[in-house]
Amino acid sequence: MQLTTGLRRETLDAMGTVLRMAPQAAAMLHGSSKYPGIQGSVCFYPVWGGTLIAAEVVGLPYTDSGCPEGFLGFHLHEGSVCAGTAEDPFADAKTHYNP
């Protein structure tokens, strides 16, 4: 099998081994009121002096011409609660996680 990701076979094999272990930390993803169907999980694995982040996300918007607004991404917050006020729905989520 030819690898198109640019990663060496040894690296991919090692990542597979890491992903079979229990993650060191995990976070749940929830969409905003604009995209309430988005949900998923993100797992964090310590590797090689860094962190491997594995995300599984479902409910992303889809059209034949791509995302209706161009591009979607995600970020994580330090807090453990996705709650807030009407003006700031994620105010209680604390600051952005920046390892």
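Everything below is about the structure printed above this text.
Rules used throughout
Residues numbered from 1 in each chain as written. Predicted model: local features only at pLDDT ≥ 70, side-chain atom pairs only at ≥ 80, totals over all residues. Heavy atoms only, no water. Helix = DSSP H or I, 4+ residues; strand = E, 2+ residues; numbered from the N terminus. Buried < 20%, exposed > 50% of the residue type's maximum accessible area, 1.4 Å probe, protein only. Contact = heavy atoms within 4.5 Å. Areas by Shrake-Rupley, 256 points an atom, 1.4 Å probe, with all protein chains shown as cover.

For the protein chain, the count of helices and strands is 1 helix and 3 strands. Going residue by residue from the N terminus, the α and β elements of the protein chain occur as α-β-β-β. Every one of the 99 residues in the protein chain was classed for burial, and the buried ones make up 13%. Here the contacts in the protein chain between residues at least 6 apart in sequence split such that 23% fall between residues at least 24 apart. Accessible surface, the protein chain as shown: approximately 7700 Å² in total, 56% of it carbon and sulfur.

Our next topic: the environment of Ile 38. The topology assignment puts Ile 38 in the loop between β1 (25-30) and β2 (39-47). Along the chain, Ile 38 and Leu 60 lie 22 residues apart, while their C-alpha atoms are 5.6 Å from each other. Beyond its immediate stretch of four places on either side in the chain, Ile 38 contacts Leu 29, His 30, Gly 31, Val 57, Val 58, Gly 59, Leu 60, Pro 61 and Leu 72.

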